[in-house]
Amino acid sequence: MALSLLSSFFASPRAIFSAAILLRALFLVYGLFQDAFSPMKYTDIDYFVFTDAARFISRGQSPYARDTYRYTPLLAWMIYPTTWPGAWFSFGKVLFAIGDIVAGWMMFRILCSYQNMSQERALKFASIWLLNPMVATISTRGSSEGLLGVFVIALLWAVLSKRIELAGLLLGFAVHFKIYPFIYAASIVWWLDDTQLGRHNNANQAASRSLVEMTATFLNYQRVMLAFYSLLTFIGLNMAMYSSYEWPFLEHSYFYHLTRIDHRHNFSPYNTLLYLNSSPKPNHSPSIELERLAFVPQLLLSGVMIPVALSKKDLPSTMLAQTFAFVAFNKVCTSQYFLWYMMFLPFYLPDSTLLRSRRVGITSLVFWVLGQIFWLQQGFQLEFNGQSTFIPGLWASSILFFVVNVWILGIIILDVRAKTPSRPQVAASKKRS
């Protein structure tokens, strides 16, 4: 009886999406209750930063008048209704939660149309995002990552459906909204070769081409249009924002992230170094700030090596591997960042080792969760009880969590490398043309 009900539940898009909406509504209501009666607030501190920035805009001022606002002004404009009186303060949370739902709907459509899944199976894997309490909690606390998920999954859909001009617009917008999606440009460009576009070349002819011919072949129409529209969108948005907010826009939206030294709530193994370097130093004691070089292995792995090695095998899973590497090797790693790669799990998991082998899958999940628990326990002792747990506790738990993430990343990379490049995307595209 229970299995029958479960099967009918996952066979109904209306049931899944209604449950996803109800889940977020419950978290929103619970959040209001916790904020009102508990000393530990449900609403994320970042949400107060967003809404304060929107309030400054409503007064005709710059959003950067709010200290620690490090985002595009578009985000503050999107939640402008939070400045209206009444219950509108939660407008941003509702918007982010709706973003979660829209992203989940697009995941479902991609799984059906481009990975040739049945509706029931596609709903089960889309539920990894739609019915995930962690995803719902982060968005309803006021994090904008769910809204970012709409742009990123829409980008994937546009590429798979060969709507290259739209893909370029979405890529440019996504990078303006949050810098990190620029890593997807490499995998998308590498994926858009003649084979993916339905044109097959003889291997002997390809080997005998001159450098000029190979360059001309690489710069096909789709790649050129992707670059043109993404740069046009990115530059256009930045010029519009700069014309309104001038240097503070560039400083806080872009340059700050190159030198940030956030150490609170940071799972990264660079956490302790960031803390030590955040304190004033005597002029006579120079130090080498190794954490400022963290972007070198991070970008080489996520922006070059993984796209070149994997993207022609499976684009969605490659984007997962890229994002996982980017987050794991980033010098600042918080829980919100996990959503960046979780949105790609529905595309990777169906044929993954993590599902084929229960032992590997369960072990990976357990260690991934335990790594966070150990860190959070040490962080709680530091921030709430005032105990100095930096060394060895916080540092050791950060190293442990990093090792776990590298191990899981290795599993993902090996899975994608083992795949035979398929062309369901091409077939689906031809049916629509």
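The rules behind each value
- Residues numbered from 1 in each chain as written.
- Predicted model: local features only at pLDDT ≥ 70, side-chain atom pairs only at ≥ 80, totals over all residues.
- Heavy atoms only, no water.
- UniProt positions renumbered as here; feature names shortened; annotations may be inferred.
- Helix = DSSP H or I, 4+ residues; strand = E, 2+ residues; numbered from the N terminus.
- Core = buried A, V, L, I, M, F, W, Y, C linked by side-chain atoms within 4.5 Å.
- Buried < 20%, exposed > 50% of the residue type's maximum accessible area, 1.4 Å probe, protein only.
- Domains from an automatic or database assignment.
- Contact = heavy atoms within 4.5 Å.
- Expected span 1.5 Å × (residues − 1).
- Salt bridge = Lys/Arg side-chain N within 4 Å of Asp/Glu carboxyl O.

An unreviewed UniProt entry annotates the protein as GPI mannosyltransferase 1 of Massariosphaeria phaeospora. One UniProt comment on the protein, placed under Sequence similarities (unreviewed entry), says "Belongs to the PIGM family." We quote the UniProt Function (unreviewed entry) comment for the protein here in full: "Mannosyltransferase involved in glycosylphosphatidylinositol-anchor biosynthesis. Transfers the first alpha-1,4-mannose to GlcN-acyl-PI during GPI precursor assembly. Required for cell wall integrity."

Chemist: I keep staring at the UniProt feature "transmembrane region" (unreviewed entry) in the protein and nothing clicks. Help me out?
Modeler: The residues that UniProt annotates with the feature "transmembrane region" (unreviewed entry) are residues 87–110, 146–162, 169–192, 224–245, 323–348, 360–378 and 390–414. Secondary structure across residues 146–162 divides into 88% helix and 0% strand, with the first and last C-alpha atoms of the span separated by 24 Å. Taken end to end, residues 224–245 has its terminal C-alpha atoms 31 Å apart, with 100% of it in helix and 0% in strand.

Chemist: Please explain the environment of Val 403 as it appears in this structure.
Modeler: Topologically, Val 403 is positioned in helix H21 (residues 390–417). Note: C-alpha distance between Val 403 and Phe 367 (36 residues apart in sequence) is 10.0 Å.

Chemist: How should I be thinking about the nonpolar core in this particular structure?
Modeler: Generally speaking, soluble globular proteins have nonpolar side chains that are buried together. Within the largest apolar cluster, 111 residues are counted, with the highest numbers of intra-cluster contacts made by Tyr 69, Trp 129, Tyr 184, Phe 338 and Phe 344. The element that contributes the greatest number of residues to this core is helix H8 (residues 145–160), accounting for 12 residues. Two domains each put at least three residues into this core: domain 1 (143–197 + 216–259) and domain 2 (263–278 + 292–425). Sequence-distant contacts of Tyr 69, defined by excluding residues within four places in its chain, comprise Val 49, Phe 50, Ala 53, Pro 63, Tyr 64, Leu 75, Ala 76 and His 252.

Chemist: I'm lost on helix H9 (residues 164–177) in this one. Help?
Modeler: For an α-helix the count is 3.6 residues per turn, leaving residues at separations of three or four pointing the same way. If you check H9, its first and last C-alpha atoms are 20 Å apart, about what 14 residues at 1.5 Å a residue would give, namely 20 Å. The element H9 is extensively covered by neighbouring structure, given that 11 of its 14 residues are classed as buried. Those residues of H9 not exposed but buried are Ile 164, Ala 167, Gly 168, Leu 170, Leu 171, Gly 172, Phe 173, Ala 174, Val 175, His 176 and Phe 177.

Chemist: When you look at the side chain of Asn 405 in this model, what are you seeing that I'm missing?
Modeler: Inspection of the secondary structure assignment puts Asn 405 in helix H21. The class of Asn 405 is buried, set by a relative accessible area of 4%. Apart from the residues lying within four places of it in its own chain, the contact partners of Asn 405 are Phe 324, Ala 328, Tyr 341 and Trp 368.

Chemist: Teacher, can you tell me more about the pattern of salt bridges here?
Modeler: If the charged atoms of two oppositely charged side chains come close together, the side chains can form a pair. Per the counting criterion, the structure on display carries nine salt bridges. One salt bridge connects Asp 44 with Arg 141, and the closest N-O pair in it is separated by 3.7 Å. Placement of the pair is Asp 44 in the loop between helix H2 (13–37) and helix H3 (45–58) and Arg 141 in the loop between helix H7 (133–140) and H8, with a sequence separation of 97 residues. When its relative accessible area of 7% is taken as the criterion, Asp 44 is described as buried. On the basis of relative accessibility, which here comes to 28%, the residue Arg 141 falls in the partly exposed class. A salt bridge links Asp 52 to Arg 55, with the nearest nitrogen and oxygen atoms 2.7 Å apart. Note that Asp 52 and Arg 55 are positioned in helix H3 at a spacing of three residues, about one turn of the helix. Three or more residues are tied together by salt bridges with common partners; here these are Asp 52, Arg 55 and Arg 66.

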